[in-house]
Amino acid sequence: MALSVLLRPISRLLVPARFPNGSSARLKFYVREPRHDKPDWLKVGLTLGTSVFLWTYLIKQHNEDVLEYKRRNGLE
């Protein structure tokens, strides 16, 4: 009996999901088109700043790795 009580919550996970019918499900997940006439400059700045930071870090790390490779292999 104790085993069946423990397995009851797990058996609920195996039951297929039921989707609500009608338009109520569609309205809940309605996505609006983004406004292109007024961009969110904070998001634009954060996105570009992050991209620039990651590229500079990547190039710097690559250059350090190349120098370490040359040093270890006696190429420099």
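Just so it is clear, the structure is predicted and the values come from calculations on it, not from any experiment.

Draft legend 1. Main features of the overall build of the protein. For the protein, the helix and strand inventory stands at three helices and zero strands. Each helix and strand of the protein, placed in order from N terminus to C terminus, yields the pattern α-α-α. Out of the 76 residues in the protein, the part that is buried amounts to 0%. Total accessible area on the protein is roughly 8,200 Å²; 65% of this is exposed by carbon and sulfur atoms.

Draft legend 2. Focus on the packing of aromatic side chains. Evaluation of the coordinates by the stated rule reveals one aromatic pair. Ring centres 6.3 Å apart and planes at 20° place the aromatic pair Phe-53 and Tyr-57 in the stacked group. On the criterion of helical spacing, the pair formed by Phe-53 and Tyr-57 is a turn pair, its members being four residues apart in helix α3 (residues 41-72).

Draft legend 3. The arrangement of α3 in detail. In a regular helix each residue adds 1.5 Å, so 32 residues correspond to 46 Å; α3 covers 46 Å between its end C-alpha atoms and thus fits that length. Looking one or two residues beyond α3, the residue adopting positive phi is Gly-74, at roughly 65°.

Draft legend 4. Just the confidence of the model for the protein, in detail. With 66% of its residues at a pLDDT of 70 or more, the protein shows a mean pLDDT of 81. Taking the mean pLDDT of every element in the protein, the minimum, 59, falls on helix α2 (residues 24-28) and the maximum, 97, on α3.

Draft legend 5. Expanded view of the pattern of salt bridges. This model, assessed by the stated rule, comprises three salt bridges. Residues Lys-60 and Glu-64 are paired through a salt bridge, measuring 3.2 Å at the closest nitrogen-oxygen approach. Taken together, the residues Lys-60 and Glu-64, both in helix α3 and four residues apart, mark about one turn of the helix. Measuring nitrogen to oxygen at the nearest pair gives 2.6 Å for the salt bridge that ties Glu-68 to Arg-71. You can see Glu-68 and its partner Arg-71 sitting in helix α3, three residues apart, about one turn around the helix. Overlapping salt bridges bring together Glu-68, Arg-71 and Arg-72 as one network.

Cut-offs and rules
Residues numbered from 1 in each chain as written. Predicted model: local features only at pLDDT ≥ 70, side-chain atom pairs only at ≥ 80, totals over all residues. Heavy atoms only, no water. Helix = DSSP H or I, 4+ residues; strand = E, 2+ residues; numbered from the N terminus. Buried < 20%, exposed > 50% of the residue type's maximum accessible area, 1.4 Å probe, protein only. Areas by Shrake-Rupley, 256 points an atom, 1.4 Å probe, with all protein chains shown as cover. Phe/Tyr/Trp six-rings, centres within 6.5 Å; stacked < 30°, edge-to-face > 60°. Expected span 1.5 Å × (residues − 1). pLDDT = per-residue confidence, 0-100. Salt bridge = Lys/Arg side-chain N within 4 Å of Asp/Glu carboxyl O.

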